Amino acid sequence: MTEYFPKIKKIKFEGADSKNPLAFKHYNPKQKIMGKNMAEHLRFAVCYWHTFKGLGADPFGPGTIIRNYNSSGDPMQVAKDTMVAAFEFFTKLGVNFWCFHDRDIAPEADTLAETNKRLDEIVKLAKKLQKDTGVKLLWGTTNAFSHRRFMAGAGTNPDPKIFAYAASQIKKAMEVTKELGGLAYVFWGGREGYETLLNTDMKRELDHLAMLLHMAVDYKKKIKFKGPFYIEPKPKEPTKHQYDFDAGNCFAFLQRHNLLDDFKLNIEANHATLAGHTFQHELQFCVDNDILGSVDANRGDLFLGWDTDQFPTDIYDTTLAMYTILKGGGFTTGGLNFDAKLRRQSIDPLDLFYAHIGAMDAFARGLKNAAKMIRGGRFDKAIQKRYAGWDTVFGQRIEKGKADLGELEKYTLKNGEPKLQSGRQEMLENLLNEYL
Ligand code: XUL
Ligand code: CO
């Protein structure tokens, strides 16, 4: 079989003192932390769309990146070569999972029937490569947003014929996800949103989206696909207003439409920040509401207001993310999928390795820091102290719903102005830095 990354050998863990840029300094898959090894905690996945299909294009110019698996000229041959290259990459990098959209792995043809046939052919190859390498599918999804037919959305399209097209794609993508033993299936609301309310019946569109998701739930049961569905919140881009704005918004939608039994969320760091939240906030919201499914691990740029999808390198962020994930019980079906792309000038295949190695090390450090923070118990203690009033007889009466407004007025009239306590933010921020 052709080797597509011949200069690279399997990436090894060499420890923090290593000067080798093609080695892990912190990600040691077998290292035990709080009862599980690092690989089990972090469950890294490589995404197919950016890593193998992203070629550095931006709104000002086409791609800059040329790959040896992309050069045969025949679209199906390119698809096959790319799949082989992808599994070589997963194996050399040492990740256990991958993720894809249907249209990433097989090119669209003139008819849906022909497109599905092409997909089946590539899925067969992927299945064989999964078996040969042991790499598993973290989740599959459909691309119902790139083709021009989806310019006004898929499930929220004003035309039921486009809705039906999207439904057909989802049906097939669920089938191939199941065929590949995928652990979950993702719905990112590609163009489910609007540009102007002057041409949009928002309520009708959202009811249609819920209908589509219910159909997917029914089909999932029919084909006995066991994995959960994930919705991936994002507030804007490509549309001015994406319906799945943030975790809170998705939770309300799932509740209103009675979909909570079958859906959890896939939280993406850069989507969180676009919504004006921290990555940690979105994760915490999911943990608190029992809807944390998986994570698209990336980051935005402090000075740019769009989805730059950069590789995560900020240890502060990865530490806080892993702290929340660990305290929330860790991943079950989910993992950390690098929904991240190389910069336009990073044209060398080596850059793909550097990017993923750095990101994996950043999360490994985050995991180690978070475990120390949890074991140290100092943040828990600070929070416990801050809320201690709620553990008194008085606080417990309120929490248990036994108090009423009259009783609280009487208490306040009798006890007067409450004594205030410091929030200790700066001290706790200093404490966090002790772990980094
Ligand atoms: C887009 C995005 C998608 C989803 C999968 O911003 O994050 O790649 O993760 O459709
Ligand atoms: Co994503």
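See above for the structure.
Read on for an overview of the structure. (Residues numbered from 1 in each chain as written. Chains lettered and ligands numbered in written order. Predicted model: local features only at pLDDT ≥ 70, side-chain atom pairs only at ≥ 80, totals over all residues. Heavy atoms only, no water.)

## Comments concerning the coordination of the cobalt ion (ligand 2)
This is how it is decided: Note on donors: an N, O or S atom is included if it sits within 2.8 Å of the metal, or within 3.2 Å for Na, K and Ca, and water is never included, so sites can look incomplete. In this scheme the shape depends on donor count and angles: four donors with every angle between 85 and 135 degrees give tetrahedral, four or six donors with opposite pairs above 155 degrees and others between 65 and 115 give square planar or octahedral in turn, and any other case is irregular. Helix and strand labels come from DSSP, where a helix needs a run of H or I of at least four residues and a strand needs a run of E of at least two; each type is numbered from the N terminus.
Taken together, Glu-232 (OE), Glu-268 (OE), Asp-296 (OD) and Asp-339 (OD) make up the full set of protein donors to the cobalt ion (ligand 2), lying 1.9 to 2.2 Å away. Each of the six donor atoms bound to the cobalt ion (ligand 2) contributes to angles spanning 79 to 172 degrees, and the resulting shape is octahedral. One chain supplies every donor to the cobalt ion (ligand 2), and in sequence these donors are spaced E-x35-E-x27-D-x42-D. Here the residue Glu-268 occupies a position in strand E12 (residues 263-268), and Asp-339 occupies one in the loop between strand E14 (336-338) and helix H12 (349-376), the gap between them amounting to 71 residues.

## Things to note about the packing of aromatic side chains
What describes a pair of aromatic rings is the distance from one ring centre to the other and the angle between the planes of the rings. Definition in use: Pairs were defined over the aromatic rings of Phe, Tyr and Trp, the Trp ring being its six-membered one, requiring ring centres within 6.5 Å. Orientation was assigned from the angle between planes: stacked under 30 degrees, edge-to-face over 60, tilted for the rest. Exposure is judged per residue with a 1.4 Å probe applied to protein chains only, and the accessible area is read against the type maximum: over 50% gives exposed, under 20% gives buried, and values in between give partly exposed.
As enumerated under the stated definition, the model contains 30 aromatic pairs in all. An angle of 55 degrees between the planes, with centres 5.7 Å apart, marks the rings of Phe-5 and Phe-89 as tilted. On the criterion of sequence distance, the pair formed by Phe-5 in the segment before strand E1 (12-13) and Phe-89 in helix H3 (residues 75-93) is long-range, its members being 84 residues apart. Each member of the pair Phe-5 and Phe-89 is classed as buried.

## Digging into unusual backbone geometry
Pro-238 follows Glu-237 through a cis peptide bond whose omega is 10 degrees. Structurally, the position occupied by Pro-238 is in the loop between strand E10 (229-232) and strand E11 (241-242). The residue Arg-43 is not glycine, and still its phi comes out positive at about 45 degrees. Position of Arg-43 among the secondary structure elements: in the loop between helix H1 (38-42) and strand E5 (44-47). Its identity as a non-glycine residue notwithstanding, Asn-258 has a phi of 60 degrees, on the positive side. Within the secondary structure, Asn-258 is located in the loop between helix H8 (247-256) and E12. A relative accessible area of 65% places Asn-258 in the exposed class.

## Quick word on the packing of H3 against H12
Our working definition: Every angle, taken between N-to-C directions, lies between 0 and 180 degrees, and every axis is a line fitted to C-alpha atoms, over only the stretch in contact when it is a helix. An angle counts as roughly parallel when it lies under 35 degrees, as roughly antiparallel when it exceeds 145, as roughly perpendicular when it falls between 65 and 115, and as oblique in every other case. A crossing counts as left-handed when the near helix is turned anticlockwise from the far one by less than a right angle, and as right-handed when that turn is clockwise. Only heavy atoms matter for contacts: two residues are in contact if any of them lie within 4.5 Å across the pair. Ten residue types, Ala, Val, Leu, Ile, Met, Phe, Trp, Tyr, Cys and Pro, are classed as nonpolar, four, Asp, Glu, Lys and Arg, as charged, and the remainder, Gly among them, as polar.
Two numbers describe how H3 lies on H12: the axes approach to 11 Å, and their chain directions differ by 45 degrees. Classified by the angle their axes make, H3 and H12 are oblique. Of the two elements, H3 crosses H12, and the hand of that crossing is right-handed. Two secondary-structure elements touch here, H3 through Phe-89, Lys-92 and Leu-93 and H12 through Leu-352, Phe-353, His-356, Ile-357 and Met-360. Split into classes, the residues belonging to the contact of H3 with H12 amount to six nonpolar, one polar and one charged.

## Overview of the nonpolar core
In plain terms, the rule: Think of a nonpolar core as a cluster: buried Ala, Val, Leu, Ile, Met, Phe, Trp, Tyr and Cys residues, connected wherever their side-chain atoms sit within 4.5 Å. Where each domain begins and ends follows an automated or database-derived domain assignment.
Counting residues in each nonpolar core, the largest one holds 103 residues, and the members touching the most others are Leu-42, Met-83, Phe-90, Trp-98 and Phe-363. If one sorts the elements of this core by residue count, H12 sits on top with 13 residues. Counting the residues that make up this core, at least three belong to each of domain 1 (12-376) and domain 2 (392-435). Ranked by size, the runner-up nonpolar core spans ten residues in total, among them Ala-45, Phe-97, Ala-184 and Val-186.

## Description of the pairing of E10
Heads up, the condition is: Whether two strands pair comes down to DSSP finding at least two bridges between them.
Along E10, one buried face is formed by Phe-229 and Ile-231 and the opposite face, lined by Tyr-230 and Glu-232, is buried too. With four bridges joining them, strand E8 (residues 185-188) and E10 adopt parallel strand pairing. Pairing of Trp-188 across the sheet is with Glu-232, part of E10. The sheet contact formed by E10 and E12 spans three bridges and is parallel. What sits directly across from Ile-231, in E12, is Leu-265.

## Notes on the pattern of salt bridges
The condition is simple: When a carboxyl oxygen of Asp or Glu lies within 4 Å of a side-chain nitrogen of Lys or Arg, that pair is called a salt bridge.
Inspection of the entire model under this criterion finds 18 salt bridges. Linking Asp-262 and Lys-220 is a salt bridge whose minimum nitrogen-to-oxygen distance equals 3.8 Å. Taken together, the residues Asp-262 in the loop between H8 and E12 and Lys-220 in helix H7 (residues 202-223) connect sequence positions 42 residues apart. Looking at Lys-220, the relative accessible area reads 8%, which means it is buried. Across the salt bridge formed by Lys-234 and Glu-237, the nearest N and O atoms sit 3.9 Å from each other. Owing to a relative accessible area of 5%, Lys-234 belongs among the buried residues under this scheme. Here Glu-237 falls in the partly exposed class, since its relative accessible area comes to 30%. Through salt bridges with shared partners, a single network forms among Asp-102, Arg-103, Glu-108 and Arg-149.

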